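Residue-level structure breakdown
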Amino acid sequence: QVQLVESGGGLVQPGGSLRLSCTASGIIFSRYDINWYRQAPGKQRELVGKITSAGSTTYSDSVKGRFTISRDNAKNTGHLQMDSLKPEDTAVYYCNGLRRLMGSNIWGQGTQVTVSS
């Protein structure tokens, strides 16, 4: 079964950290770019950052310097390390696997991150 499953969300205080994971099954994970998106209530889904199949990373300006994206191809898992969290980081976070050459675009179910005191 082809799927991505996110985990690691939860409630954290401002300034705290969380580490999200995105575990893949049914795909050749190493050949996929992994994108992380988030969607806050009443807002459009936005791209937080990505890691290519080659391991290159890019980040949105809103999270640059606070979030770190990595991948472990041996474990078919991607990670989003979130530090110095702010209330405005509150959202549902989604991972997306993209392999343009094959026309494959897979979404996880999302995980809630709430930053509040």
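Since the structure is predicted, the reported quantities are computational estimates derived from the model, not experimental observations.

1. Thoughts on the pattern of salt bridges
Per the counting criterion, the structure on display carries 5 salt bridges. For the salt bridge of R38 with E46, the shortest nitrogen-to-oxygen distance reads 2.6 Å. On the basis of relative accessible area, R38 is assigned to the buried category, the value being 6%. Its salt-bridge partner being R66, residue D89 comes within 2.8 Å of it at the nearest N-O pair. You can see D89 sitting in the loop between β8 (77-82) and β9 (91-99) and its partner R66 sitting in the loop between β6 (57-59) and β7 (67-72), a full 23 residues away along the chain. No difference in accessibility class separates D89 from R66, as the two residues are buried.

Rules behind the numbers
Residues numbered from 1 in each chain as written. Predicted model: local features only at pLDDT ≥ 70, side-chain atom pairs only at ≥ 80, totals over all residues. Heavy atoms only, no water. Salt bridge = Lys/Arg side-chain N within 4 Å of Asp/Glu carboxyl O. Buried < 20%, exposed > 50% of the residue type's maximum accessible area, 1.4 Å probe, protein only. Helix = DSSP H or I, 4+ residues; strand = E, 2+ residues; numbered from the N terminus.

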